Amino acid sequence: MSVAHPTSSPTTLADLVAQSTGTCVLNCYQCGRCAAGCPQNVPGFMDISPTRIMHLLQLEDTFSNDPPRAAEYARQALTSSTCWLCAGCQACTTRCPQGVDIAGVMDVLRQQALALGLAAADRRSEDIQKFHATFLAAALKHGRIHELDLVLRYKLASGHWLEDATVGWQMLRRGKLSLSRPATVDTSKIQAALRQMGAGPDGGIEEAKT
Amino acid sequence: MNAVGYYPGCSQSGSAREYDLSIRALAGAMQIDLKEIPDWVCCGASSAHAINQAAAFALAADSLIKARRAGMDCVLAPCAMCYSRLATAVHSAKNNPAMAQATTKALSSQEDLDLRSLRVINVLTWLESLPSEDLAKRIVHPLNGLKVACYYGCLLVRPPQVTGARNAEAPRNMEGLVRRLGAEPVRWSMATECCGACFSLSCKPVVLRQGRQIFEAARSSGADVIVLACPMCHSNLDMRQAEFAAGAKPIPVLYLTQLIGLAIGMSADALRFSSHFVPVEPVLTAAPPGGSHEG
Ligand code: SF4
Ligand code: SF4
């Protein structure tokens, strides 16, 4: 009857990746094509290249009979800023000659990093985490995003009050930011469905962050 | 007849209002009935799938279920981000039917709703599907001589497993549409490069870096205008251009549907050019209404 959920048993990161993206991490032959075309794999942004992330997952899988060692590889992948700085542009997934969905791997890493409390804590990664949490909470609460409300909530969460004040003012002048919330849609069914599926309406983000 | 389900997306009522207006006006001119999905919800954009896979699927599926219930079998999502999220949900429904059915059941009391047969299309696919004579006979102001950099960005074409793009690395369908208007697409290198717009608020150095690279490539290709089909790309390349291209001669950034609107004789007011950050006048000068037809 009940479907086994990945959270119900200790699973390796490589297993989760296989489950979620449909490809085995060992398919990667380390050609480096994903890293070469990644716009965020540049100095000062991602701390580990996407190719190296795949290698860490392969090492975790290979050393599964040596749990502490395997866990250390997983920890390196999970604590890296790479998944947070990933723009989700899908260049890697499109180009991988081995059919690895690297962009999907980044989704798994972000979600696991949050669930395990291992998410990268550098300023940029934290800002990005706050943005995603703010956005998803607003979408699930109101059903639609009111851009001005999103900007203010994110500024409240991140403390970046002054950034883009001029752009914001010009947007208002040009009628590109509506002051009033356009519409809200009842999302109680979505929230109930997520609770029913054990995902929690906020995906456990609040719990993970505290 | 000719009814298409319409998923406007959140930015169409705010920062991308001019995109929404140009699509609706174009549909009106072409006698196509756009039927907005009743009570559609936010697609979750780049954030939902980043941190909560179940929420990402549920948000997209909820709107698709509502489209199905309204009897729609094709949904047009003009924002590339929304398009990607909705098309990905249909793709997951095909590849992971157990998960999709469980979510669909939890979201809707109707059990027979199947998302797999829904077609989600973007603006490019929609425009390409219109009979070419229908567009050709409406062109009253051919854009002869206008040099256009067609900018696709990421999600209109990638990943091809989801979008079905024939040539995800070097797509040419926007160029084909632009040529039909009399304009001249340029050859350039950044057509499918990411603009980083998902970091517009959360990591500004990314958008400035990517925006500058795209701008410089368009500049050196000799383009008079950058044309695109995504509110996020537009907000980046238009709104932030003064920041990442300070001192350079600006390049106007138009939605593809606005460019078509110009060619079929819609006024600058109707196309809301006044809401753009980069002045659009140079485009109107390069291809003046009623101007050179010798092409
Ligand atoms: S492109 Fe594919 S095969 Fe090559 S390194 Fe990246 S994941 Fe591995
Ligand atoms: S999806 Fe992420 S990892 Fe892949 S190329 Fe784009 S930014 Fe890099």
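Every buried residue of helix 11 (residues 188-196) of chain A is accounted for by Ile190, Ala193 and Leu194 of chain A. Relative to the axis of helix 11 of chain A, the buried residues are bounded by an arc of 95° and lie together on one face. Looking at the buried side of helix 11 of chain A, the elements it contacts are helix 8 (123-142) of chain A together with helix 3 (53-69) and helix 5 (97-107) of chain B. In the segment just after helix 11 of chain A, glycine 198 of chain A is the residue with positive phi, at about 80°.

It is worth spelling out the sheet that holds strand 6 (residues 184-185) of chain B at this point. Residues and elements named next belong to chain B. Spatially, four strands are ordered 6-5-7-8 in an open sheet, and the strand pairing comes out parallel. Looking at strand neighbours, the two that pair on one side only are strand 6 and strand 8 (253-255), the edges of this open sheet. As defined by bridge partners, strand 7 (residues 225-228) adjoins strand 8 across three bridges and the pair is classed as parallel. Following the sheet pairing, isoleucine 226 is matched in strand 8 by valine 253. In the packing of helix 11 (residues 231-239) onto the sheet, contacts are made with strand 7 and strand 8, and the angle to strand 8 comes to roughly 165°. Against the sheet, helix 13 (residues 256-263) engages strand 5 (147-150), strand 7 and strand 8, with an angle of about 85° to strand 8.

All names here are of chain B. On domain assignment, one finds that chain B holds domain 1 (3-124) and domain 2 (137-286). Each of domain 1 and domain 2 has a C-alpha centre, and the two are 24 Å apart. Between domain 1 and domain 2, the contact holds 27 residues from the first and 27 residues from the second. Summed over both sides, the interface between domain 1 and domain 2 buries roughly 2,300 Å², with carbon and sulfur atoms accounting for 73% of that surface. Looking at the side of domain 1 facing domain 2, the largest losses of area belong to Glu18, Leu26 and Leu124, adding up to 29% of the total buried there. Between domain 1 and domain 2 we count four residue pairs in polar contact (both at pLDDT 80 or more) in total. Among the elements of the structure, helix 1 (17-29), helix 4 (80-95) and helix 6 (123-129) are those that each provide at least two residues to the side of domain 1 that touches domain 2.

Close contacts around ligand 2 come from Cys38, Pro39, Met46, Cys86, Ala87, Gly88, Cys89, Gln90, Cys92 and Ala103 of chain A, and that covers them all. Tallied by class, residues from the shell around ligand 2 come to eight nonpolar, two polar and no charged.

Our next topic: the state of the cysteines. Summed over the entire model, instances satisfying the criterion amount to zero disulfides over all chains. In this model cysteine 10 of chain B remains outside any disulfide bridge; the closest cysteine sulfur is found in cysteine 42 of chain B, 4.1 Å from its own.

The next subject is the interface of chain A and chain B. Contacts between chain A and chain B engage 59 residues on the former and 61 residues on the latter. A buried area of about 5,100 Å², summed over both sides, lies between chain A and chain B, and 61% of it is on carbon and sulfur atoms. Viewed at the interface, chain B and chain A are joined by four salt bridges. Put simply, lysine 176 of chain A and glutamate 18 of chain B hold a salt bridge, and the shortest N to O gap is 2.8 Å. Inspection of the region where chain A meets chain B yields 18 residue pairs in polar contact (both at pLDDT 80 or more). In terms of residues, the side of chain A that touches chain B owes the most to one element, helix 8 of chain A, which gives ten residues. Looking at the side of chain A that touches chain B, its residues break down into 31 nonpolar, 15 polar and 13 charged.

With that settled, the discussion passes to the sheet that holds strand 3 (residues 74-76) of chain B. Hydrogen bonds between backbone atoms are what pair the strands of a sheet, whose relative direction is either parallel or antiparallel. Residues and elements named next belong to chain B. Across the sheet, which stays open at both edges, the four strands sit in the order 2-1-3-4 with parallel pairing between neighbours. One side of each edge strand has no neighbouring strand; the edge strands of this open sheet are strand 2 (33-36) and strand 4 (119-121). Adjacent strand axes in the sheet meet at a mean angle of 35° when their direction is disregarded. In the sheet, strand 1 (residues 3-6) pairs with strand 2 via four bridges, with the strands oriented parallel. Residue pairing across strands places glycine 5 opposite lysine 35, the latter belonging to strand 2. Contacting strand 1, strand 2 and strand 3, helix 1 crosses the sheet at an angle of about 135° to strand 2.

Criteria and cut-off values
Sequence order as written defines the numbering, with residues in each chain counted from 1. For this description, chains carry letters from A and ligands carry numbers from 1, given in the order in which they are written. Given that this is a predicted model, residues contribute local features only at a pLDDT of at least 70 and side-chain atom pairs are listed and counted only at 80 or more, while totals for whole chains, interfaces and linings are drawn from all residues. Just so you know, side-chain values use all the structure's heavy atoms and leave hydrogens and water out. The classification of residues rests on relative accessible area computed with a 1.4 Å probe and restricted to protein chains. Under 20% of the type maximum is buried, over 50% is exposed, and intermediate values are partly exposed. Only runs of H or I of at least four residues qualify as helices and only runs of E of at least two qualify as strands under DSSP, and these elements are numbered from the N terminus. As used here, the arc is the angular range of directions from the helix axis to the C-beta atoms. By definition in these notes, contact holds between two residues if any of their heavy atoms fall within 4.5 Å. Note on pairing: DSSP must find at least two bridges between two strands before they are called paired. Orientation is described by axes fitted as lines to C-alpha atoms, over the contacting stretch for helices, and by angles from 0 to 180 degrees between their N-to-C directions. The start and end points of each domain follow an automatic or database-based domain assignment. Summed over both partners, the accessible surface that disappears when two parts come together, traced with a 1.4 Å probe, is what is meant by buried area. Polar contacts, as used here, are pairs of N or O atoms within 3.5 Å; protein pairs need one atom able to donate a hydrogen and one able to accept it. Residues neighboring in sequence count only if both atoms are side-chain atoms. The criterion for a residue being near a molecule or strand is simple. One of its heavy atoms has to lie within 4 Å of it. Just so you know the grouping, Ala, Val, Leu, Ile, Met, Phe, Trp, Tyr, Cys and Pro go in nonpolar, Asp, Glu, Lys and Arg go in charged, and all remaining residues, Gly too, go in polar. By definition, disulfides here are pairs of cysteine sulfur atoms that lie within 2.5 Å. Salt bridges, as used here, are contacts in which a Lys or Arg side-chain nitrogen is within 4 Å of a carboxyl oxygen on Asp or Glu.

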